[in-house]
Amino acid sequence: MSERLSVLKTYKLYVGGKFPRSESGRVYEVTDAKGKWLANAPLSSRKDARDAVVAARKAFGGWSGATAYNRGQILYRIAEMLEGRRDQYVAEVADAEGLSKSKAAAQVDAAIDRWVWYAGWTDKIAQVVGGGNPVAGPFFNLSSPEPTGVVAVLAPQKSSFLGLVSVVAPVIATGNTAVVVASEKSPLPALSLGEVLATSDLPGGVVNVLSGRTAEIAAPLAAHQDVNAIDLAGADEELAKELEIAAADNLKRVLRPQPVDNADWSAAPGTDRMTAFLETKTVWHPTGALGASGSSY
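Here is a short report on the structure shown in this document. (Residues numbered from 1 in each chain as written. Predicted model: local features only at pLDDT ≥ 70, side-chain atom pairs only at ≥ 80, totals over all residues. Heavy atoms only, no water.)

## A few points about the overall build of the protein
- Secondary structure summary: the protein contains ten helices and ten strands in total.
- Relative to a compact globule of 297 residues, whose C-alpha radius of gyration would be 19 Å, the protein shows 21 Å and is just as compact.
- Taken along its principal axes, the extent of the C-alpha atoms in the protein is 95 × 40 × 35 Å.
- Classification of the 297 residues of the protein by burial places 46% in the buried group. (Helix = DSSP H or I, 4+ residues; strand = E, 2+ residues; numbered from the N terminus. Rg over C-alpha atoms; globule rule 2.2 N^0.38 Å. Buried < 20%, exposed > 50% of the residue type's maximum accessible area, 1.4 Å probe, protein only.)

Okay, here's the thing in structure tokens:
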């Protein structure tokens with residue numbers, strides 16, 4: 001029996017629910033922790049970044065308008081799909097981060113559990129950060145959270161999968177859509193995540209995944225007038241400062257972790273990354289005039 005040729009995987013971007021190559025036609029070599037070649041990843045261009053923003057904006061209305069319960073179901077479905085492909089992600093994370101199989105498995109399991117955790121929060125966060133407000137007057141005064149819009153997310157450079165999930169899941173759990181810039185050195189787990197998202201009932205465009213040079217892709221996203229917020233988890237100090245200045249042009253929300261890209265992603269996540277990309281809408285409504293009996297009806 002003759003030896004089979006290796007069937008190497010072709011990694012592609014994930015934009016608008018589809019898998020395009022970079023419009024530039026460029027790729028770059030991705031190596032493991034020891035310098036061994038793993039794959040060629042798409043080298044995204046500014047045009048790819050703009051296309052991803054268009055896809056995210058198009059998807060925002062439907063995703064933000066879906067019920068919180070439905071969003072939770074879809075996030076849980078993502079966890080289910082990842083569980084079925086666990087071995088693939090263990091191998092990719094082990095190669096990307098130079099971890100043993102057991103340590104990589106712990107990272108992948110934690111990432112899957114994190115999807116489940118955020119799935120449970122989708123229909124609860126409104127009760128935590130919203131509610132009725134006491135006012136001096138015959139009014140109902142109610143505050144409720146609403147998603148900010150399109151969020152550019154620079155994924156952590158050192159945590160290729162758990163860190164990635166930890167910054168993407170809270171953004172979409174609350175109804176935002178995301179343009180994700182994968183870890184520059186270790187983009188393969190992020191690009192593979194796109195394959196799971198495409199088959200997990202998540203509408204196309206809710207999450208868009210780009211790979212390439214972080215600074216090259218992040219610059220047009222930070223300056224883009226249709227991007228409402230940016231998470232600088234994967235930017236170094238110098239780049240983060242430049243992006244903050246660019247983001248000020250249209251008053252983007254900016255989340256700049258301190259210190260940048262040095263977080264303990266295995267720690268309990270809390271609600272901070274969900275509330276970072278929420279706006280608060282407050283509604284006043286008259287209760288009506290009170291009659292002699294004390295009733296307004």
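## Focus on the pattern of salt bridges
- Within this structure, the stated rule accounts for 14 salt bridges.
- The partner of R86 in a salt bridge is D109, and the shortest N-O contact between them spans 2.7 Å. In this pair, R86 is assigned in helix α3 (residues 86–97) and D109 in helix α4 (residues 101–121), connecting sequence segments 23 residues apart.
- For R273, the salt bridge identified is with D231, shortest N-O distance 2.4 Å. Of this pair, R273 sits in helix α10 (residues 272–275) while D231 is found in strand β8 (residues 229–231), placing the two residues 42 residues apart along the sequence. For the pair formed by R273 and D231, the shared burial category is buried.
- Here the residues in one salt-bridge network are K9, R85 and E195, joined through shared partners. (Salt bridge = Lys/Arg side-chain N within 4 Å of Asp/Glu carboxyl O.)

## Details of the sheet that holds strand β7 (residues 207–210)
- The parallel open sheet is built from five strands, whose spatial order is β7-β6-β5-β8-β9. One side of each edge strand has no neighbouring strand; the edge strands of this open sheet are β7 and β9 (253–255). The sheet shows a mean angle of 15° between the axes of neighbouring strands, direction not considered.
- Across the sheet, helix α8 (residues 214–223) is in contact with β5 (150–154), β6 (177–181), β7 and β8; its angle to β6 comes to roughly 150°. (Pairing = 2+ DSSP bridges. Axes fitted to C-alpha atoms, helices over the stretch in contact; angles between N-to-C directions. Contact = heavy atoms within 4.5 Å.)

## Quick word on α3
- With twelve residues, α3 ought to run about 16 Å at 1.5 Å a step, and its terminal C-alpha atoms sit 16 Å apart, in line with that.
- Tucked inside the fold, the buried residues of α3 contact α2 (68–84), α4 and α7 (188–198).
- Two residues or fewer after α3 comes G98, characterised by a positive phi angle close to 65°. (Expected span 1.5 Å × (residues − 1).)

## Some thoughts on the nonpolar core
- Judged by nonpolar contacts, the single largest core of 61 residues is most densely connected at L82, W115, F161, I172 and V207.
- Setting aside residues no more than four positions away along its own chain, I172 makes contact with W63, R71, L75, W115, A178, L202, V206 and V207.
- Counting residues in hydrophobic clusters, the runner-up holds 25 residues, among them A49, L154, V179 and L243. (Core = buried A, V, L, I, M, F, W, Y, C linked by side-chain atoms within 4.5 Å.)

## Quick word on the packing of aromatic side chains
- One pass over the structure, following the stated rule, counts four aromatic pairs.
- Centre to centre, the rings of Y89 and F161 are 4.8 Å apart; their planes meet at 20°, and the pair counts as stacked. Of this pair, Y89 sits in helix α3 while F161 sits in the loop between β5 and α6 (162–173); the two residues are 72 residues apart in sequence, bridging distant segments of the chain.
- For Y89, a relative accessible area of 1% gives the class buried.
- Cluster of aromatic residues (ring-pair linked, three or more members): W117, Y118 and W121.
- Over the aromatic face of F60 sits the side chain of R57, whose NZ or CZ is 5.7 Å from the ring centroid.
- Seen from the ring of Y28, R213 lies directly overhead, with NZ or CZ sitting 4.6 Å from the centre. (Phe/Tyr/Trp six-rings, centres within 6.5 Å; stacked < 30°, edge-to-face > 60°. Lys NZ or Arg CZ within 6 Å of the ring centre and 35° of its normal.)

## Regarding the side chain of S45
- Here S45 is to be found in the loop between β2 (37–42) and α1 (46–65).
- Separated by 2.6 Å, the side chains of S45 and E23 make a polar contact.
- Apart from residues no more than four positions distant in its own chain, S45 is found in contact with S22, E23, S24, R26 and E216. (Polar contact = N/O pair within 3.5 Å; in protein donor to acceptor, adjacent residues only side chain to side chain.)

## Section: the environment of K252
- The residue K252 is located in the loop between α9 (237–247) and β9 in this model.
- Remark: the alpha-carbon pair of K252 and V151, spanning 101 residues in sequence, is separated by 9.2 Å.
- Not counting residues within four places of it along the chain, the set of residues in contact with K252 comprises L221, A222, A223, H224, V227, N228, A229 and A247.
- Among the polar contacts made by the side chain of K252, one reaches the main-chain carbonyl oxygen of H224 at a distance of 2.7 Å.
- At a separation of 2.8 Å, a polar atom in the side chain of K252 contacts the side chain of N250.

## A short note on the packing of α2 against α7
- Orientation of α2 relative to α7, taken along the N-to-C sense of each, is 120°, at an axis distance of 9 Å. Between α2 and α7, the angle is such that the two are oblique. The two elements α2 and α7 cross, and the hand of that crossing is right-handed. Counting all contacts with α2, which are made through I78, M81 and L82, the residues of α7 involved are L193, V196 and L197.
- Taken together, the residues of the contact of α2 with α7 break down into six nonpolar, no polar and no charged. (Parallel < 35°, antiparallel > 145°, perpendicular 65-115°, else oblique. Left-handed = near helix turned anticlockwise from the far one by under 90°. Nonpolar A, V, L, I, M, F, W, Y, C, P; charged D, E, K, R; others polar.)

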